[in-house]
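Secondary and tertiary structure notes
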Amino acid sequence: MDRQSQTTSLQRLQNVEKKIVRVLELAGSVMDEMANPSGPRKDLVNSHCTEFMQLVKDTQMTLREEIKSACDYRPFEKCDYVPRISNEISCKKLEHVVAQLNEMKQTIEGYGDAA
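Residues numbered from 1 in each chain as written. Predicted model: local features only at pLDDT ≥ 70, side-chain atom pairs only at ≥ 80, totals over all residues. Heavy atoms only, no water.

The helix and strand tally for the chain stands at three helices and zero strands. In sequence order, the secondary structure elements of the chain are arranged as α-α-α. Residue burial in the chain is summarised as follows: out of 115 residues, 10% are buried. Of all intrachain contacts in the chain linking residues separated by at least 6 positions in sequence, the fraction that spans at least 24 positions is 67%. When the accessible surface of the chain is totalled, it reaches about 9800 Å², and 59% of it is carbon and sulfur. (Helix = DSSP H or I, 4+ residues; strand = E, 2+ residues; numbered from the N terminus. Buried < 20%, exposed > 50% of the residue type's maximum accessible area, 1.4 Å probe, protein only. Contact = heavy atoms within 4.5 Å. Areas by Shrake-Rupley, 256 points an atom, 1.4 Å probe, with all protein chains shown as cover.)

Another aspect to go through is the confidence of the model for the chain. In the predicted model, the chain carries a mean pLDDT of 87, and the fraction of residues at 70 or more is 89%. Taken element by element, the predicted model of the chain shows its lowest mean pLDDT in helix H1 (residues 3-34) (87) and its highest in helix H2 (residues 42-72) (90). (pLDDT = per-residue confidence, 0-100.)

In this structure the tally under the stated criterion is five salt bridges. Across the pair glutamate 33 and arginine 41 runs a salt bridge whose closest N-O atoms are separated by 3.0 Å. Residue classification places glutamate 33 among the buried positions, given a relative accessible area of 6%. Accessibility expressed as a relative area gives 48% for arginine 41, which makes it partly exposed. In the salt-bridge network here, residues are joined through shared partners; they are Arg22, Glu25 and Glu51. (Salt bridge = Lys/Arg side-chain N within 4 Å of Asp/Glu carboxyl O.)

Let us look at H2. With 31 residues, H2 should cover 45 Å at 1.5 Å per step; its first-to-last C-alpha distance of 45 Å lies within 8% of that length. Buried within H2 we find Val45, His48, Leu55, Thr59, Thr62 and Glu66. (Expected span 1.5 Å × (residues − 1).)

For the rest of this paragraph, the subject is the side chain of histidine 48. Among the secondary structure elements, histidine 48 is positioned in helix H2. Non-local contacts of histidine 48, meaning those with residues more than four positions away in its chain, are made with Leu26, Ser29 and Val30.

This next bit is on a nonpolar patch on the surface. Where nonpolar side chains cluster on the molecular surface, the patch consists of Leu10, Leu13, Leu63 and Ile67 and spans about 360 Å² of accessible area. Contributing elements (two or more residues each) for the nonpolar patch: H1 and H2. With respect to the helices, strands and loops of the structure, isoleucine 67 is situated in helix H2. For isoleucine 67, a relative accessible area of 56% gives the class exposed. (Patch = residues over 30% accessible without salt bridge, like charges linked within 9 Å, V, L, I, M, F, W, Y side chains within 5 Å.)

Okay, here's the thing in structure tokens:
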């Protein structure tokens, strides 16, 4: 992920944040309208609900795209650290096994000399 795509990703997430704030404002407006003693204005409630649903849909879509983009991003894809460390661990294990075999050989030879 280069610098440009990081910036645009952050901008998209900032826009999502603004949409979420707007969604909460719309929900609050509808709640206020429903609590209106003279009754809710149907056209206003419909308008707010339509905008609410569209913003939720847009936010969900944007977040899905951002999550997918983040999952596709693999900065260390060409890094050989894991295979190299795995190789070093295998070498250490092998050295340990060889040392144990040498000890076993000495023990066997000790029993052979004792007999």
